[in-house]
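What follows is the residue order along each chain.
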Amino acid sequence: MRVSIAAFAGVRELLAECPAVLDLPDGATVADAWKALEARQPALVPLAASTRLARNGQLVSRGETLGHGDELALLPPVGGG
Amino acid sequence: MLAIVREPIDPARLDAALRDDVFGAIVTFLGIVRSRADDGRSVWALEYEAHEFMATAEFEKIASEAYQRFPDVRLTIVHRIGRLDVGEIAVAVLAGSPHRGAAFDACEYAIDEVKSRAPIWKKELYADGEERWKTNACGPHERAG
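Residues numbered from 1 in each chain as written. Chains lettered and ligands numbered in written order. Predicted model: local features only at pLDDT ≥ 70, side-chain atom pairs only at ≥ 80, totals over all residues. Heavy atoms only, no water.

A look at helix H3 (residues 100-117) of chain B
Note that an α-helix has 3.6 residues per turn; residues three or four places apart therefore point the same way. Between its first and last C-alpha atoms H3(B) spans 25 Å; for 18 residues at 1.5 Å apiece the expected length is 26 Å, and the two agree. Turning to H3(B), the residues buried within the fold contact strand E2 (25-32), helix H2 (52-69), strand E4 (74-80) and strand E6 (89-97) of chain B. (Helix = DSSP H or I, 4+ residues; strand = E, 2+ residues; numbered from the N terminus. Expected span 1.5 Å × (residues − 1). Contact = heavy atoms within 4.5 Å.)

This is the structure:
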């Protein structure tokens, strides 16, 4: 299955050279997707704890299962205002 | 109005849109790009980005919470994204209410929650050519600025 990646701020910049989609085995979880992203960009490893993840606009835990066509958003600590 | 926008924010238009005959008070907060970072470095511009769908949904939640806490208050929350120069308005929060107390409280509640919760990011662009993503380190009840 294919998941699209929406990354923001510093995480977006770290992934700038990477494709914006991830191909994952069926039944893959949010944690699996993050691990695949870490493999592409090891600089993400220290950001694992501070980056929140959202599936189709809803914050999710890492154990959540992804589906084909989902958007996985990578949300570093915010800085609005 | 609860929105992420790309064009300059016009507070007079937001004020006019919020007016209601039952409101005796409208409190307006404007967050403005300033020329000095917290560490004193000279800033020439900020770059904002957002997860627009999630940010707008968060504004809706904040407005709904404010309505629970401060009855009869109505909020406008507009945040601009893109590159903003010093002096430009990055965010506007307006709270309309029959009385000023609730309007002040709701406006402060809303901007604190926007800063701590909304998926919006800003990069400081410094005069010396460096740049850095800036995180809102403070909790909602510590107001650095």
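As for the nonpolar core
Within the largest apolar cluster, 34 residues are counted, with the highest numbers of intra-cluster contacts made by Ile4(B), Tyr48(B), Phe59(B), Leu75(B), Ile77(B), Val93(B) and Ile120(B). Those residues in contact with Leu75(B) that lie beyond four places of it in its chain are Met1(B), Leu2(B), Ile62(B), Ala63(B), Ala66(B), Val93(B), Leu94(B), Ala95(B), Ala106(B) and Ala110(B). Formed by 20 residues, the second largest nonpolar core is a distinct cluster that contains Leu15(A), Leu22(A), Leu24(A) and Trp34(A). (Core = buried A, V, L, I, M, F, W, Y, C linked by side-chain atoms within 4.5 Å. Buried < 20%, exposed > 50% of the residue type's maximum accessible area, 1.4 Å probe, protein only.)

Focus: the interface of chain A and chain B
Contacts between the two partners involve 19 residues from chain A and, on the opposite side, 21 residues from chain B. Both sides together, the interface formed by chain A and chain B hides about 1600 Å², and carbon and sulfur atoms give 56% of it. Taken together, the links from chain A to chain B amount to two salt bridges. Elements represented by at least two residues in the side of chain A that touches chain B include exactly helix H1 (9-14), strand E3 (52-55) and strand E5 (71-75) of chain A. The element contributing the most residues to the side of chain A that touches chain B is H1(A), with four residues. Looking at the side of chain A that touches chain B residue by residue, the classes come out as nine nonpolar, six polar and four charged. (Buried area = accessible area lost by both parts, 1.4 Å probe. Salt bridge = Lys/Arg side-chain N within 4 Å of Asp/Glu carboxyl O. Nonpolar A, V, L, I, M, F, W, Y, C, P; charged D, E, K, R; others polar.)

Re H2(B)
When the terminal C-alpha atoms of H2(B) are compared, their 26 Å separation across 18 residues agrees well with the 26 Å that a helix rising 1.5 Å per residue should span. Regarding H2(B), the residues found buried are Met54(B), Ala55(B), Glu58(B), Phe59(B), Ile62(B), Ala63(B) and Ala66(B).

Side note on unusual backbone geometry
In the Ramachandran plot, Ala9(A) falls in the positive-phi region, its phi being about 55 degrees despite a non-glycine side chain. The residue Ala9(A) is located in helix H1 in this model.

Re the packing of aromatic side chains
The full count for this structure, using the stated rule, is two aromatic pairs over all chains. Look at Phe8(A) and Trp121(B): their rings are 4.8 Å apart centre to centre, the planes differ by 15 degrees, and that puts the pair in the stacked class. Residue Phe8(A) is found in the loop between strand E1 (2-7) and H1, and its partner Trp121(B) is found in strand E7 (residues 120-126); the two belong to separate chains. One exposure class covers both Phe8(A) and Trp121(B), and it is buried. (Phe/Tyr/Trp six-rings, centres within 6.5 Å; stacked < 30°, edge-to-face > 60°.)

Here we look at the sheet that holds E4(B)
All names here are of chain B. Pairing in this open sheet of four strands is mixed, and the strands run E1-E4-E6-E2 from one edge to the other. Strands at the two margins of the open sheet, each flanked by one partner only, are strand E1 (2-5) and E2. The average undirected angle you get between the axes of adjacent strands in this sheet is 10 degrees. As paired strands, E4 and E6 are joined by six bridges and run antiparallel to one another. Pairing of Leu 75 across the sheet is with Ala 95, part of E6. The strands touched by H2 are E1 and E4; relative to E1, the strand with the most contacts, the crossing angle is about 150 degrees. (Pairing = 2+ DSSP bridges. Axes fitted to C-alpha atoms, helices over the stretch in contact; angles between N-to-C directions.)

Some remarks on the layout of surface pockets
Empty pockets left among the atoms are what a rolling probe the size of a water molecule brings to light. In this structure, the second largest pocket spans a volume of roughly 210 Å³. Going through the elements one at a time, strand E4 (58-59) of chain A together with H2 of chain B are the ones with two or more residues in the lining of the second largest pocket. The residue inventory of the lining of the second largest pocket, partitioned by class, reads four nonpolar, two polar and four charged. (1 Å grid on protein atoms, 1.4 Å probe; cavity = no way out; pocket = protein on both sides within 12 Å on 5 of 7 lines; lining within 4 Å. Points joined across faces, edges and corners; volume = space filled by probe spheres on them.)

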